[in-house]
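Fold and contact review
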Amino acid sequence: MKKSLLSWGALMLGALLWVLLYGRLEAMSEAAVALLGLTRAEAFGEALFFFIYEVPKVMMLLVGVVFLMGVVHTFVSAERTRAMLSGRRLGLGNMMAAALGIVTPFCSCSAVPLFIGFLQAGVPLGVTFSFLIAAPMVNEIALALLFGLFGWGVALLYMAMGLSVAVAAGMVIGRLGMERHLEEWVQKLQGSAEPGRAVPEAMAWPERMLEGLGHVREIVGRVWLFIVLGVGLGAGIHGYVPQDFMASLMGRSAWWSVPAAVLVGVPMYSNAAGIVPVVQALLSKGAALGTVMAFMMSVIALSAPEMLILRKVLRPRLIAVFAGVVASGIVLVGYVFNLVL
């Protein structure tokens, strides 16, 4: 009981300090720029302000959300996820899989073991793809950062559109009946084992909080460099790229900008934490929201490294169909964003 009270007390104190510091970030960043003898009217001063302000801001948002989701993940296991999805039909199964992709602690780097585990547990191919698309694209990190930087409207619309892409793409792939385009050794594994029914053992709240802290160490330790690089690139765009140039390149009037953004995003490798600051900088320079969202989605849902990893279990034709269907959905989302917002 005493240990639990101490844990809750430490959590409340940490949350209070987080709120106080977060509210002072802008003033502290402006003071740092002024201390260096610079002003935000200068290109370098504005770029430096962006960098000094955004790195701790994104880091703090990331730490807060990852800690909370680390606690949530103590109630979720890969075995439970597979059990929930096995035997589900197209449609309902795709929606469940996409929704689970938001709250489960998996990313594109986990693609191969998850793909194999799901198929082995009897999860249909199309349902598996819905999860595979939603997990990296519509995750808690992306939603938290979008909310923190742009508000609920953008975050909720991104979630709705991302889930729609994941569900629709999974259903299309499922309807095409492309199981024969799995690698032969994977085909033999399909439905070969009953899905695990194990659930996480009951844990006390102090242990769940420790799991949350472990989640922070693991994920933030893995993505902090992407954040710094992404904010650095965003700072350069924010400080030096002319607004008229970016508006002409990625503005609403350039109809070709959405598919071009998707084509540019696919070869890149980043994650939501690293790409969101770039998104913010592009928007501040007049880029259209839909075009930038399409770019972001393609970077985190269709990265070239993920395609290389998936080649271990999928034949080239199925990879091509997967990429084509998802890319088409992302392009459509980009146009919808540009029309609505």
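The preceding data block contains the structure.
Residues numbered from 1 in each chain as written. Predicted model: local features only at pLDDT ≥ 70, side-chain atom pairs only at ≥ 80, totals over all residues. Heavy atoms only, no water.

Brief notes about the packing of helix α6 (residues 125-137) against helix α8 (residues 152-176)
Where α6 contacts α8, the axes come no closer than 7 Å and their chain directions differ by 155 degrees. The angle between the axes of α6 and α8 places the two elements in the roughly antiparallel class. Between α6 and α8 lies a crossing whose hand is right-handed. Along the contact surface, α6 presents L125, G126, F129, S130, I133, A134 and M137, while α8 presents Y158, G162, V165, A166, V167, A169, G170, I173 and G174. (Axes fitted to C-alpha atoms, helices over the stretch in contact; angles between N-to-C directions. Helix = DSSP H or I, 4+ residues; strand = E, 2+ residues; numbered from the N terminus. Parallel < 35°, antiparallel > 145°, perpendicular 65-115°, else oblique. Left-handed = near helix turned anticlockwise from the far one by under 90°. Contact = heavy atoms within 4.5 Å.)

Details of the layout of surface pockets
Volume-wise, the largest pocket comes out at about 690 Å³. The wall of the largest pocket is formed by 29 residues, among which V63, G64, V65, F67 and L68 lie closest to the centre. Sorting the residues of the lining of the largest pocket by element identifies α1 (2-35), α2 (43-72), α7 (140-150), α8 and α10 (205-240) as the ones contributing at least two each. Here the lining of the largest pocket is composed, by residue class, of 24 nonpolar, 3 polar and 2 charged. (1 Å grid on protein atoms, 1.4 Å probe; cavity = no way out; pocket = protein on both sides within 12 Å on 5 of 7 lines; lining within 4 Å. Points joined across faces, edges and corners; volume = space filled by probe spheres on them. Nonpolar A, V, L, I, M, F, W, Y, C, P; charged D, E, K, R; others polar.)

Focus: the nonpolar core
Ranked by size, the top nonpolar core spans 86 residues in total, and within it F115, L125, F129, Y158, M296, L314 and F322 carry the most contacts. It is α8 that contributes the most residues to this core, 11 residues altogether. Setting aside its immediate chain neighbours within four residues, Y158 contacts M137, V138, A142, L143, L146, M293, M296, M297, I300 and F337. (Core = buried A, V, L, I, M, F, W, Y, C linked by side-chain atoms within 4.5 Å. Buried < 20%, exposed > 50% of the residue type's maximum accessible area, 1.4 Å probe, protein only.)

Overview of the pattern of salt bridges
Evaluation of the coordinates by the stated rule reveals 3 salt bridges. Across the pair R40 and E30 runs a salt bridge whose closest N-O atoms are separated by 3.1 Å. Of this pair, R40 sits in the loop between α1 and α2 while E30 sits in helix α1, placing them 10 residues apart in sequence. Under the relative-accessibility criterion, E30 is labelled partly exposed at 35%. A salt bridge links E46 to R40, with the shortest nitrogen-to-oxygen separation between them at 3.0 Å. You can call E46 buried: its relative accessible area is 14%. We classify R40 as partly exposed; its relative accessible area is 35%. Several salt bridges converge on common partners, so that one network encompasses E30, R40 and E46. (Salt bridge = Lys/Arg side-chain N within 4 Å of Asp/Glu carboxyl O.)

Overview of helix α16 (residues 316-340)
In an α-helix, one turn spans 3.6 residues; hence positions three or four apart end up facing the same way. The end-to-end C-alpha separation of α16 is 36 Å, in line with the 36 Å expected for 25 residues at 1.5 Å each. Among all positions in α16, only L318, I319, F322, V326, A327, G329, I330, V331, V333, G334, F337 and N338 are buried. (Expected span 1.5 Å × (residues − 1).)

Some points on the side chain of Q280
Tracing the backbone through its elements, the reader meets Q280 in helix α13 (residues 272-284). Contacts of Q280, omitting those with residues within four sequence positions, involve F50, E54, L149 and F150.

Describing α8
Compared with the 36 Å implied by 1.5 Å per residue over 25 residues, the 36 Å span of α8 between its first and last C-alpha is a close match. The positive-phi residue at the C-terminal boundary of α8 is G177, with phi of around 60 degrees.

Some thoughts on the side chain of S29
With respect to the helices and strands, S29 occurs in helix α1. With sequence-adjacent residues up to four places away left out, S29 is seen in contact with F49, I52 and Y53.

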